[in-house]
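So you can see what is in the structure, the chains are spelled out below.
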Amino acid sequence: YLIFLDSDDIFSSRTALESLYNKALTNPNLKLIAGKEIKNKKTYFHETHMVGKLFKREIIIKYKIKVPNFRMEEDTAFTLCYNSILNENEKAQINEIVYEYKNVNSSSITNVYSLKNNYDLKHYFKAINYSYKYMLKHQSYTYLKKSLIVILDTLSIIYFNYYHDCEVDYRERFIQNCFKFYQKYKHYIDKIYYI
């Protein structure tokens, strides 16, 4: 198995890895085991983060899943590709916080390119495009449809939570990026809503 840890974060306890691994031992078919993450006192599962998860090494090698050399959102690209290969019964979650974001570094990429600083999500769309090409290559259409629904819902929430009241420039750029995204994937999105 592989697990990822950002340099300024921590595992939430000394037994975090053991808890994830114990879950893996309960079922040899499991290829992704996720724990909860905590940030700013909020706990959640996040499907596209690389952290707080055990990834089966043989899957990464077999399907040539790579972490792209992106400045941001490389974890989104990697995790979307990885998830697209798996069936739902090959994924599991544990109800335990295993990963903690510290946010101590004010110059970290996450803090510099934050929604509060009017980050327009261009890196996010780049990651989606990367994983989209991967999914087409591996014919992972079911996961692609599921991902598009989640992404569209997320974009609408992001707009109303962060961009609705921000400067016109940033709001317009965000909307333009969303529109380009919609145009690119429109044929899939239409299929989703007609199924």
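Look a little higher up for the structure.
Just so you know, these numbers come straight off a predicted model, no measurement behind them.

Novice: When you look at the packing of aromatic side chains in this model, what are you seeing that I'm missing?
Specialist: When we look at a pair of aromatic rings, we describe it by the centre distance and by the angle of the planes. Inspection of every chain in the model, using the stated rule, returns 10 aromatic pairs. Pairing Phe4 with Phe55 gives two aromatic rings, centres 5.7 Å apart and planes at 70°, and the pair type is edge-to-face. Placement of Phe4 in the segment before strand 1 (10-11) and of Phe55 in strand 4 (residues 53-55) is noted, with a sequence separation of 51 residues between them. Since its relative accessible area comes to 24%, Phe4 is described here as partly exposed. Residues Phe4 and Phe78 carry aromatic rings whose centres are separated by 5.7 Å and whose planes lie at 70° to one another, so their mutual orientation is edge-to-face. Here Phe4 is found in the segment before strand 1, whereas its partner Phe78 is found in helix 3 (residues 74-85), with 74 residues between them in sequence. When its relative accessible area of 2% is taken as the criterion, Phe78 is described as buried. Three or more aromatic residues joined by ring pairs form one cluster here, namely Phe4, Phe55, Phe78 and Tyr82. Lying across the ring of Tyr101, Lys39 places its NZ or CZ 5.1 Å from the centre.

Novice: Explain the pattern of salt bridges here, please?
Specialist: A side chain with one charge can pair with a side chain of the opposite charge if their charged atoms come near. One pass over the structure, following the stated rule, counts four salt bridges. Here Glu37 makes a salt bridge to Lys53, at a shortest N to O gap of 3.8 Å. Of the two residues, Glu37 sits in strand 2 (residues 32-39) while Lys53 sits in strand 4, which places them 16 residues apart along the sequence. Of the residues examined, Lys53 reaches a relative accessible area of 3% and is grouped as buried. The partner of Glu88 in a salt bridge is Lys91, and the shortest N-O contact between them spans 3.2 Å. Given a relative accessible area of 52%, Glu88 falls into the exposed group. Classification of Lys91 as buried rests on a relative accessible area of 17%.

Novice: What exactly am I supposed to notice about unusual backbone geometry here?
Specialist: Among all residues except glycine, the phi angle is most often negative; among peptide bonds, the trans geometry is most common. If you check the backbone angles, Asn40 has positive phi at about 50° while not being a glycine. Using a relative accessible area of 59% as the deciding quantity, one classes Asn40 as exposed.

Novice: I'm lost on helix 5 (residues 122-137) in this one. Help?
Specialist: Residues that lie three or four places apart on an α-helix share one face, since the helix turns once every 3.6 residues. In this model, helix 5 (16 residues) spans 23 Å end to end at C-alpha, consistent with the 22 Å of a helix rising 1.5 Å per residue. A positive phi of about 55° marks Gln139, the residue just after helix 5.

Novice: Please explain the pairing of strand 2 as it appears in this structure.
Specialist: Both faces of the sheet carry side chains from a regular strand, because those side chains alternate between them. Both strand 2 and strand 4 contribute to a ladder of three bridges, which runs antiparallel. Bridge assignment links Ala34 to a residue of strand 4, and that residue is Lys53. Sheet topology places strand 2 next to strand 5 (residues 91-100); six bridges connect them, and they run parallel. Bridged to Lys36 within strand 5 is Ile97. In this structure, strand 2 lies alongside strand 3 (residues 42-44), joined through three bridges in antiparallel fashion. Across the sheet, Ile38 pairs through a bridge with Thr43, a residue of strand 3. Between strand 2 and strand 3, which pair antiparallel in sequence order, lie two residues; one of them, Asn40, sits at a positive phi of approximately 50°.

Scoring rules and cut-offs
- Residues numbered from 1 in each chain as written.
- Predicted model: local features only at pLDDT ≥ 70, side-chain atom pairs only at ≥ 80, totals over all residues.
- Heavy atoms only, no water.
- Phe/Tyr/Trp six-rings, centres within 6.5 Å; stacked < 30°, edge-to-face > 60°.
- Helix = DSSP H or I, 4+ residues; strand = E, 2+ residues; numbered from the N terminus.
- Buried < 20%, exposed > 50% of the residue type's maximum accessible area, 1.4 Å probe, protein only.
- Lys NZ or Arg CZ within 6 Å of the ring centre and 35° of its normal.
- Salt bridge = Lys/Arg side-chain N within 4 Å of Asp/Glu carboxyl O.
- Expected span 1.5 Å × (residues − 1).
- Pairing = 2+ DSSP bridges.

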